[in-house]
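Chain residues, written in single-letter form:
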Amino acid sequence: MAARQRPDVAIIGGGIAGCASAYYLAKKGLAVTLLEKGEIAGEQSGRNWGFVRQQLRDPLEIPLMIACNRLWQGLEAELETDIEWRQGGILHLADTDAVMAKYEAWLEHARTYQLDSRKVSGAEAAELLPGMARDWVGGLYTPSDGQADPVKTTSAFAKAAARLGAEIRTGCIVQGIETAGGAVTGLSTEAGEIEAGTVLIAAGAWTSAMLRRLGLDLPQLGVRSTVLRTSRAPEKTALGVWFPEFGFRQRRDGSFNVGAGASVDHDIGVDTLRHARAFWSAFRTQGGSLDLHLGRHFFEDLWVHLDRAGALDRRMRRDRVLAPAPSARKVRRCLDGFRAMFPEFGDIDLATSWAGVIDVTPDEVPVFGEAPGLRGLVIATGFSGHGFGMGPITGQLMAEVIAEGKPSLDLAGFRFGRFSERLGARRGTG
Ligand SMILES: Cc1cc2nc3c(=O)[nH]c(=O)nc-3n(C[C@H](O)[C@H](O)[C@H](O)COP(=O)(O)OP(=O)(O)OC[C@H]3O[C@@H](n4cnc5c(N)ncnc54)[C@H](O)[C@@H]3O)c2cc1C
């Protein structure tokens, strides 16, 4: 079946950013076509832990997440379906005074916005989460934070958008964004050409490669993050919990999603070298939790980077759903850590494990808004490992940017140009 040929807005990507945007745009009465190369929620949006967190966000993101939290609370009614939303709070635990001091410093931002985040003592942490095998210096707790099922939520947005008339097309690669006279004119796709004066690119880990074809250089790197699910267990907690080495939440069916925390893998590619300067400070502060790999991947990446002989298209056909292998070492470490932390689950089984490629920007906040110098191209990407929780507000704000030309919250700090401005300033040129 041919795709609709002239929507008001064409969206690239069926993750939560694309699907939520499709929903809020359709709700405003715009004709929307969403193109997804694989399946809805096939990549990050279906592979994440499911935390919906205001806690420890970059100050820029806090007002967005407060508004987003309100959306989450009404989302099941809005989308007319169960997404396993539960507002059980999020707890970060600290094993040193230095970590506690970091939490205290962040609480200044929480106070500015009257967030309900607060410091807890080690004893209070043990009350919130009984049965832990060790003591903690303390923790940071936000009772209004929550969790939801990633696949159910993202699919719910896609289905609700479709009910409002949006066309949701899966298994369809967007090969190029067409332009003329400094403006977007449409897309070339596996289903043919689509004319559209507005294109929203929400292509997750593929965004920078797509933008490069337009001469736009977005510093964005991919890191692999590993998650496991345990067998089912009796109800333990409604909290989402971060220990220094791993994090977890209990799903409605009783199983636990356990993730390797900030410990991620990165395959060194051409962009690692090209954007080394932009990522240097992130690398210095978090390098300890990053496992770097140099191998076969580099040469394939070089080919894709040069976009020789349709290498990017070939990779998109091969990785219609980007499903990297989880790190066996991290699965083992997380499972052992979880069992040791909760002796009552000392023999809990591993049910399954997976990984996802997280798209990261140098300052670990997303890029929102219009692309510089190209009318009609809007970008929502670079969520840096915390974009599931931001999904609903992303959709609402992108719909406002596109339909009204002005978002209801300040997005200036998320502009595309900030990276080159900073590099320019460091060089003393701007
Ligand atoms: C293991 C893991 C744990 C995480 N935990 C959390 C968490 O607990 N809380 C949280 O808030 N966030 C978390 N995140 C981050 C969160 O999942 C992402 O930030 C968010 O899902 C990004 O959504 P997206 O729509 O931008 O991208 P994606 O979900 O990656 O969607 C992009 C889509 O675009 C499609 N696409 C790309 N190029 C093309 C093309 N050319 N044509 C057609 N389609 C294309 C892809 O196939 C993909 O489906 C986690 C991520 C991972 C991987």
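Residues numbered from 1 in each chain as written. Predicted model: local features only at pLDDT ≥ 70, side-chain atom pairs only at ≥ 80, totals over all residues. Heavy atoms only, no water.

Trainee: Hey, could you run me through the site of the ligand in this one?
Mentor: Around the ligand sit 37 residues, and of these E36, S45, F51, G387 and G389 come closest. Take A17: an N or O atom from its main chain is 3.1 Å from an oxygen atom of the ligand. Contact between the ligand and G50: an oxygen atom at 3.4 Å from a main-chain N or O atom of the residue. Of all the secondary-structure elements, those providing two or more residues to the shell around the ligand are α1 (16-27), α2 (44-47), β13 (221-230) and β19 (350-360). At three residues, the largest contribution of residues to the shell around the ligand is made by α2. Classifying every residue of the shell around the ligand gives 18 nonpolar, 14 polar and five charged. (Near = heavy atom within 4 Å. Polar contact = N/O pair within 3.5 Å; in protein donor to acceptor, adjacent residues only side chain to side chain. Helix = DSSP H or I, 4+ residues; strand = E, 2+ residues; numbered from the N terminus. Nonpolar A, V, L, I, M, F, W, Y, C, P; charged D, E, K, R; others polar.)

Trainee: Help me understand the packing of aromatic side chains, please; the structure alone is not making it clear to me.
Mentor: Two numbers describe a pair of aromatic rings. These are the distance of the centres and the angle of the planes. Taken as a whole and assessed by the stated rule, the structure comprises 24 aromatic pairs. Geometrically, the ring pair formed by F246 and F338 is edge-to-face, given 6.4 Å between the ring centres and 70 degrees between the ring planes. Remark: F338 occurs in helix α13 (residues 328-341) and F246 occurs in the loop between β14 (240-242) and β15 (247-250); sequence separation between them is 92 residues. With a relative accessible area of 0%, F338 lands in the buried category. (Phe/Tyr/Trp six-rings, centres within 6.5 Å; stacked < 30°, edge-to-face > 60°. Buried < 20%, exposed > 50% of the residue type's maximum accessible area, 1.4 Å probe, protein only.)

Trainee: Explain the sheet that holds strand β20 (residues 367-370) here, please?
Mentor: Pairing within the open sheet is mixed, and its six strands lie in the order β8-β2-β1-β12-β21-β20. Looking at the sheet topology across the chains shown, the edges are occupied by β8 (167-169) and β20. The sheet shows a mean angle of 15 degrees between the axes of neighbouring strands, taken without regard to direction. As paired elements, strand β1 (residues 9-12) and strand β12 (residues 198-201) share four bridges and run parallel to each other. Looking at β12, one finds that V9 is bridged to T198. (Pairing = 2+ DSSP bridges. Axes fitted to C-alpha atoms, helices over the stretch in contact; angles between N-to-C directions.)

Trainee: Which parts of the structure should I look at to understand a nonpolar patch on the surface?
Mentor: On the surface, F299, L302, W303 and L306 cluster together into a nonpolar patch covering about 410 Å² of accessible area. Mapped onto the secondary structure, L306 falls in helix α11 (residues 296-306). (Patch = residues over 30% accessible without salt bridge, like charges linked within 9 Å, V, L, I, M, F, W, Y side chains within 5 Å. Areas by Shrake-Rupley, 256 points an atom, 1.4 Å probe, with all protein chains shown as cover. Salt bridge = Lys/Arg side-chain N within 4 Å of Asp/Glu carboxyl O.)

Trainee: How should the nonpolar core be read in this particular structure?
Mentor: Soluble, globular proteins show a tendency: their nonpolar side chains are buried together. By size, the foremost hydrophobic cluster in this structure holds 50 residues, and its most contacted members are I11, L64, W72, F157, F368, M398 and L411. Only β1, α1, β2 (32-35), α3 (62-73), α4 (75-79), α7 (150-163), β21 (377-381) and α14 (391-404) provide two or more residues apiece to this core. Those residues within four positions of F368 in sequence are excluded, and the remaining contacts are L64, I379, A380, F383, M390, T394, M398, L411, F414 and R415. Core analysis: the second largest hydrophobic core is formed by 33 residues, V174, A196, M316 and F419 among them. (Core = buried A, V, L, I, M, F, W, Y, C linked by side-chain atoms within 4.5 Å. Contact = heavy atoms within 4.5 Å.)

Trainee: What am I meant to see in the sheet that holds strand β9 (residues 174-180) here?
Mentor: Strand pairing in a sheet is mediated by backbone hydrogen bonds. Such pairs are either parallel or antiparallel. Strand order across the open sheet formed by three strands is β9-β10-β11, with antiparallel pairing between neighbours. The outermost strands of the open sheet, each flanked by one partner alone, are β9 and β11 (192-195). Across the sheet, the axes of successive neighbouring strands diverge by a mean angle of 25 degrees, strand direction being ignored. Taken together, the six bridges between β9 and strand β10 (residues 183-189) define a ladder with antiparallel strand orientation. Looking at the pairing, E178 lines up with G186 of β10.

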